[in-house]
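Structural overview for review
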Amino acid sequence: DDDILAARRREDALPDDDVLAARRREAEALADALTRPPDKSAWPKFGAGVEPSKKPAPGDPAARVELTEEAMRDPTLQTMVRRLMIDAFDNYPAAEVETMFARLWAAGPIKSVRRLVEAAYDAADVETAYAAGLLSDERAADEIRTARSRIRMYG
């Protein structure tokens, strides 16, 4: 009796040759699909045939302000950029950040100052959105960290 039960258990444990053959074919098909380069012809063509717009989109940094000598004299802009630079360079003394700001601002509307102003606007947008409850704590922290990193890069 025990020999018969053991034999049945072995028979039940081993799958049929048909099952093994089907699994082998599935594995070979999967291996083939994974090793074959993807067919990029079916991928979507983003922007294909679309004429780029000449005017900036809403929310685009260029749409916010054209950084000119006159715009740089705006005390509101200066205060915002200075405050956000002090926040971004929190490991520097405030007086040193003030000196950095003064030197950058004296250079005029050069590329790095334009990028600094764009990053400052982005940081201000994050603060505004968070205060309005539009961003979660985690998302706001990530976004402000990114904006401050950009401010440090151009500051």
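Structure: see above.
Predicted, not measured: the structure shown is a model, and the values here were computed from it.

As a further point, take the packing of helix α5 (residues 75–88) against helix α7 (residues 111–131). The contact between α5 and α7 brings their axes to 10 Å, and the two run at 80°. As the angle between them shows, α5 and α7 are arranged roughly perpendicular. Residues L77, M80, V81, R83, L84, M85 and D87 of α5 form the contact with α7, whose own contacting residues are L116, V117, A120, Y121, A123, A124 and E127. In terms of residue class, the contact of α5 with α7 is made up of eleven nonpolar, no polar and three charged.

On to helix α6 (residues 94–106), then. For α6, spanning 13 residues, the distance from its first C-alpha to its last is 18 Å, which sits close to the expected 18 Å at 1.5 Å a residue. Within α6, burial applies to V97, F101, L104 and W105. The buried residues of α6 occupy an angular sector of 95° when the element is viewed end-on, so they sit on one face. Exposed and oriented more than 90 degrees from the buried face of α6 are A95, R103 and A106.

What follows concerns the nonpolar core. In terms of nonpolar packing, the biggest core is built from 27 residues, with V81, M85, W105 and I151 touching the most fellow members. Of all the elements, α7 adds the most residues to this core, at nine residues. Sequence-distant contacts of I151, that is, excluding residues within four places in its chain, are made with L84, M85, A88, F89, L116, A119, A120 and A123.

Before going further, it helps to examine the packing of α5 against helix α8 (residues 137–154). Taken N-terminus to C-terminus, the directions of α5 and α8 make an angle of 100°; their axes are 9 Å apart at the nearest point. The orientation of α5 with respect to α8, classified from their angle, is roughly perpendicular. Between α5, through L84, M85, D87 and A88, and α8, the contact on the second element is made entirely by R148, I151 and R152. The residue makeup of the contact of α5 with α8, split by class, is four nonpolar, no polar and three charged.

This part is about α7. Over its 21 residues, α7 extends 30 Å from the first C-alpha to the last, a length consistent with the 30 Å expected when each residue adds 1.5 Å. Of the residues flanking the end of α7, it is G133, one or two places downstream, whose phi is positive at about 80°.

Attention shifts here to the pattern of salt bridges. Counted under the stated rule, the structure contains eight salt bridges. Across the pair R115 and E118 runs a salt bridge whose closest N-O atoms are separated by 3.3 Å. Placement of the pair is R115 and E118 together in helix α7, with a separation of three residues, close to one helical turn. The exposure class assigned to E118 is buried, which follows from its relative accessible area of 18%. Here E143 ties to R139 by a salt bridge, and the two come within 3.0 Å at their closest N and O atoms. One end of the pair is E143 and the other is R139, both in helix α8 and four residues apart, which spans about a single turn. A residue is classified by how much of its surface remains accessible, and E143, at 29% relative accessible area, is partly exposed. Its relative accessible area of 46% is what places R139 among the partly exposed residues.

Once that is clear, we can look at the packing of aromatic side chains. Here a ring pair, both rings aromatic, is described through the centre-centre distance and the interplanar angle of the planes. The tally for this structure, following the rule as stated, stands at two aromatic pairs. Residues F89 and Y92 carry aromatic rings whose centres are separated by 5.4 Å and whose planes lie at 85° to one another, so their mutual orientation is edge-to-face. A residue is classified by how much of its surface remains accessible, and F89, at 5% relative accessible area, is buried.

Parameters at a glance
- Residues numbered from 1 in each chain as written.
- Predicted model: local features only at pLDDT ≥ 70, side-chain atom pairs only at ≥ 80, totals over all residues.
- Heavy atoms only, no water.
- Axes fitted to C-alpha atoms, helices over the stretch in contact; angles between N-to-C directions.
- Helix = DSSP H or I, 4+ residues; strand = E, 2+ residues; numbered from the N terminus.
- Parallel < 35°, antiparallel > 145°, perpendicular 65-115°, else oblique.
- Contact = heavy atoms within 4.5 Å.
- Nonpolar A, V, L, I, M, F, W, Y, C, P; charged D, E, K, R; others polar.
- Expected span 1.5 Å × (residues − 1).
- Buried < 20%, exposed > 50% of the residue type's maximum accessible area, 1.4 Å probe, protein only.
- Arc of directions from axis to C-beta.
- Core = buried A, V, L, I, M, F, W, Y, C linked by side-chain atoms within 4.5 Å.
- Salt bridge = Lys/Arg side-chain N within 4 Å of Asp/Glu carboxyl O.
- Phe/Tyr/Trp six-rings, centres within 6.5 Å; stacked < 30°, edge-to-face > 60°.

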